[in-house]
Amino acid sequence: MDRSVKIAPSILSADFADFGREIEAIEAQGADWVHVDVMDGHFVPNLTFGPPAVKAFRKHVRTVMDVHLMIAPVDPYIDAFAEAGADIITAHLEAGPHIHRTLQAIRATGKKAGVALNPGTPAESVEHLLDLTDLVCVMTVNPGFGGQKFIDMTDKVRRLRAMIGDRPVHIEIDGGVDPTTAPRLVQAGADVLVAGSAVFRGGSVQNPEPYGQNIRAIRAAAEGAGGARVA
């Protein structure tokens, strides 16, 4: 499994009037994945994208489209987001009573399955789900809005890394990732870093170079910690 550091800009911080060119710009500037935050105004206090928007984004994504469902219920919408072109579909453990069934349903569509944990949810909650999971998303903010202050979940990441062992499961970090916070998370075992404002800050589709500078800064800081990563 490729455990190299992957940077996944969240398009929640992009220009909403120009998503297509924003996606193309971040990929051209070095993004590994494109992270799409789907919010329902119910499970989280914000409202963002539905399957038609995700389908429109898909036309511009050449890497991996990582769709993070912050919605409840989740199960009725899995097929729609799979058909819209998601490569990875992540559901929150807290969003429904039967996360095992949800992960089975995601995998039944042929997509990779992720499970997300809010800051207050312990790592041990996914211990018996790891054989059905391709990705564990550790929230380092309370889900719902971009630009929030980082909540340190390093110990949770370290426990997850130990539980995962040699399983082919990514550990993704979502919230407050920047060159300052990335190293400790990668050292603890994370390999996918979602970053919104820290990537899009200072740039635009007319001036995309800052996107690349921001991505390279996060990657360099993270990879500098990689040598000390937990096995």
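This text gives an overview of the structure that appears in the document. (Residues numbered from 1 in each chain as written. Predicted model: local features only at pLDDT ≥ 70, side-chain atom pairs only at ≥ 80, totals over all residues. Heavy atoms only, no water.)

A look at unusual backbone geometry
Of note, the bond from Ala 72 into Pro 73 is cis; its omega dihedral lies within 30 degrees of zero at 0 degrees. Secondary-structure assignment places Pro 73 in the loop between strand S3 (64–70) and helix H3 (78–83). (Helix = DSSP H or I, 4+ residues; strand = E, 2+ residues; numbered from the N terminus.)

Focus: the pattern of salt bridges
Tallied over the full model, the rule gives 9 salt bridges. Among the salt bridges present, the one from Asp 191 reaches Lys 6, with a minimum N-O distance of 3.5 Å. One end of the pair, Asp 191, is in the loop between helix H6 (182–188) and strand S8 (192–195); the other, Lys 6, is in strand S1 (residues 6–9), with 185 residues separating them in the sequence. As a salt-bridge pair, Asp 87 and Arg 58 come within 2.8 Å of each other at their nearest N and O atoms. Residue Asp 87 is found in the loop between H3 and strand S4 (88–92), and its partner Arg 58 is found in helix H2 (residues 51–58); the two are separated by 29 residues along the sequence. For Asp 87, a relative accessible area of 29% gives the class partly exposed. (Salt bridge = Lys/Arg side-chain N within 4 Å of Asp/Glu carboxyl O. Buried < 20%, exposed > 50% of the residue type's maximum accessible area, 1.4 Å probe, protein only.)

Section: the side chain of Glu 172
Locating Glu 172 in the fold gives a position in strand S7 (residues 170–174). With no salt bridge to any partner, buried Glu 172 finds its closest opposite charge in Lys 6, at an N-O distance of 9.8 Å. (Lys, Arg positive; Asp, Glu negative; His and termini not counted.)

Examining the packing of aromatic side chains
Under the definition given, this model contains 6 aromatic pairs. Each ring, one from Phe 49 and one from Phe 57, has its centre 5.2 Å from the other, and the planes form 90 degrees; the classification is edge-to-face. This pair shows no difference in class: Phe 49 is buried, exactly as Phe 57 is. These aromatic residues form a ring-pair network of at least three members: Phe 16, Phe 19, Phe 49 and Phe 57. (Phe/Tyr/Trp six-rings, centres within 6.5 Å; stacked < 30°, edge-to-face > 60°.)

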